[in-house]
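A closer look at the structure
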Amino acid sequence: MTPTLSVTSSPFSDSGNAALAEISRDIAERVLALKPYQPGKPIEEVKREFGIAGEIIKLASNENPLGPSPAGLKALALATSKLAQYPDGGCHDLRVAVAEKLGVSGDMLIFGNGSDEIIHLLGLTFLQEGDEVVVGDPTFVLYEATATLAGAHTVKVPLTRPEYRHDVVAMADAFTDKTRLVFVANPHNPTGSVIGKQEVEFLLKRLPCRAILILDEAYGEYMYGEPDFPAARDIILSGAPVIGLRTFSKMYGLAGLRVGFGVAALELIRLLNQTRSPFNVNLAAQTAAAAAINDDEFVAAGKSLNAGGLSQLTSGFARLGLTWIPSHANFVMVDVRRPCRQVFDALLRRGVIIRTGDIFGMPTHIRVTIGTADQNQRFLNELESTLSHISETTP
Ligand SMILES: Cc1ncc(COP(=O)(O)O)c(C=O)c1O
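Just so it is clear, the model here is predicted, and its values are computed rather than measured.

If you walk across this open sheet you meet the seven strands as S2-S8-S7-S6-S5-S3-S4, and the pairing is mixed. In this open sheet, the two edge strands, each paired with only one partner strand, are strand S2 (109-112) and strand S4 (153-158). Pairs of neighbouring strands in the sheet enclose a mean axial angle of 20°, with direction left out of account. Two strands pair when backbone bridges link them, and strand S7 (residues 242-247) and strand S8 (residues 260-263) are joined in this way by four bridges, in the antiparallel orientation. What sits directly across from Arg246, in S8, is Phe261. Against the sheet, helix H6 (residues 115-126) engages S2, strand S5 (179-185), strand S6 (212-216), S7 and S8, with an angle of about 115° to S2.

Below is the structure:
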């Protein structure tokens, strides 16, 4: 039976609206328990809120500072004349392009309205009331949301300190016969850490028989080709119970279009397909992504810009006497040794949007997306003057 809440704890009871309070009686507890996702503040909102006329830089959502893939943009222009039609529900052209690029068969792929949607579908497809989902802590918040919505329990295993990596031994120790999904973002968000081939093998060896390991490679493009990086695609082809998640939102610069995909054995993909809505990826997104997946030049440029930006930022942090978590992605977490909300607010007033660590249980850290060299420099300058006005937190 669906659990119900008393009216006194309903979000509507304070409004004095009896009809809304009555509706909320029947809202499942798990829906009320969901923590709303806190997105990075949009540039336009900061402009309105603070009346900033100058340039605002957003280094909060790990978007590509180079903008969209040029190949994707060119293809997008051709899509506009077709917008009166529904998109292809089977994503045929995109499927063919991605299958070819990855060297897998097309029926091993599922496409979504961002990889967010596929995370949601994982819960709908594979989780039931009372199941368990094992995640690192802190991690990307949508893993817990999908578990909560399904009535499953999220088992949070602290990342190791001080490197903030997944503790695969502790994760495996947390597996039970109720474990159904294990999420590892690799590279990890928010810390930028990675796990290697041996660690993935270890998790797979200990994985209970009905469980699936989800390797979320939203930032995989920053690591593919590194000798010890356990690419989900290779592990899946070896027959392991793994689902790989990929996105066009980060390296390919298409976050605004919303398109991501999952790779897995065709039996798992078939099940996931049962839960998705028929036209879940829009026509513009399909067209641009099908071209972007082959934009190797753009990916190489993004990777190289990112490597330079990471060393620019970390040299700046070192100069300011700050420590940071070694990152393998397009963002880095730095310990500013001050309450992160104060640093966030002060940077916002100066037109620089970053992420606070408190939402991840890290109250003196901030997470900054690696931008262009100019953006990184502006961030470092603003950070330096901001920190000079805020007292350090006593340890
Ligand atoms: C680890 C991770 N997974 C998935 C996503 C979702 O990406 P999208 O829905 O834009 O494909 C993000 C976005 O920030 C992320 O950081």
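Continuing now.
Formed by 97 residues in total, the largest nonpolar core has its most connected members in Leu181, Val182, Ile214, Ala288 and Ala289. Per-element accounting of this core gives the leading share, seven residues, to helix H12 (residues 283-292). Both domains that furnish three or more residues to this core are identified here as domain 1 (43-66 + 297-388) and domain 2 (70-294). When near neighbours in sequence (up to four residues on either side) are disregarded, Val182 contacts Val134, Met171, Leu203, Leu207, Ala211, Leu213 and Ile214.

Moving on to the site of the ligand. Near the ligand you find 13 residues, and of these Gly114, Asp116, Thr247, Ser249 and Gly260 are the closest. Split into classes, the residues belonging to the shell around the ligand amount to four nonpolar, seven polar and two charged.

When the domains of the protein chain are assigned, the result is domain 1 (43-66 + 297-388) and domain 2 (70-294). Its C-alpha centre places domain 1 at a distance of 26 Å from the equivalent point of domain 2. On the side of domain 2, 18 residues touch domain 1, which itself brings 21 residues to the contact. Elements supplying a minimum of two residues to the side of domain 1 that touches domain 2: helix H13 (296-319) and strand S10 (331-335). In terms of residue count, the dominant contributor to the side of domain 1 that touches domain 2 is H13 (five residues). Counted by class, the side of domain 1 that touches domain 2 contains ten nonpolar, eight polar and three charged residues.

It is worth spelling out the pairing of S2 at this point. What you see with S2 is no split at all: Leu109 and Phe111 on one side and Ile110 and Gly112 on the other are buried throughout. Relative to S8, S2 runs antiparallel, the two sharing four bridges. By the bridge assignment, Ile110 is partnered in S8 with Gly262.

Let us look at helix H3 (residues 43-50). Counting buried residues along H3, only zero of its eight residues qualify, which leaves the element largely exposed. Just past H3, the residue Gly51 takes up positive phi, approximately 60°.

With that settled, consider unusual backbone geometry. Most peptide bonds take the trans configuration, and most residues that are not glycine carry a negative phi. Residues Asn186 and Pro187 are joined by a peptide bond in cis, for which omega reads -5°. Among the structural elements, Pro187 can be located in the loop between S5 and helix H9 (197-206). Cis geometry marks the peptide bond from Asn189 to Pro190, where omega comes out at 20°. Note that Pro190 resides in the loop between S5 and H9.

Scoring rules and cut-offs
- Residues numbered from 1 in each chain as written.
- Predicted model: local features only at pLDDT ≥ 70, side-chain atom pairs only at ≥ 80, totals over all residues.
- Pairing = 2+ DSSP bridges.
- Helix = DSSP H or I, 4+ residues; strand = E, 2+ residues; numbered from the N terminus.
- Axes fitted to C-alpha atoms, helices over the stretch in contact; angles between N-to-C directions.
- Contact = placed C-beta atoms within 7 Å.
- Core = buried A, V, L, I, M, F, W, Y, C linked by C-beta atoms within 7 Å.
- Buried ≥ 20, exposed ≤ 12 C-beta atoms within 10 Å, placed from the backbone.
- Domains from an automatic or database assignment.
- Near = placed C-beta within 6 Å.
- Nonpolar A, V, L, I, M, F, W, Y, C, P; charged D, E, K, R; others polar.

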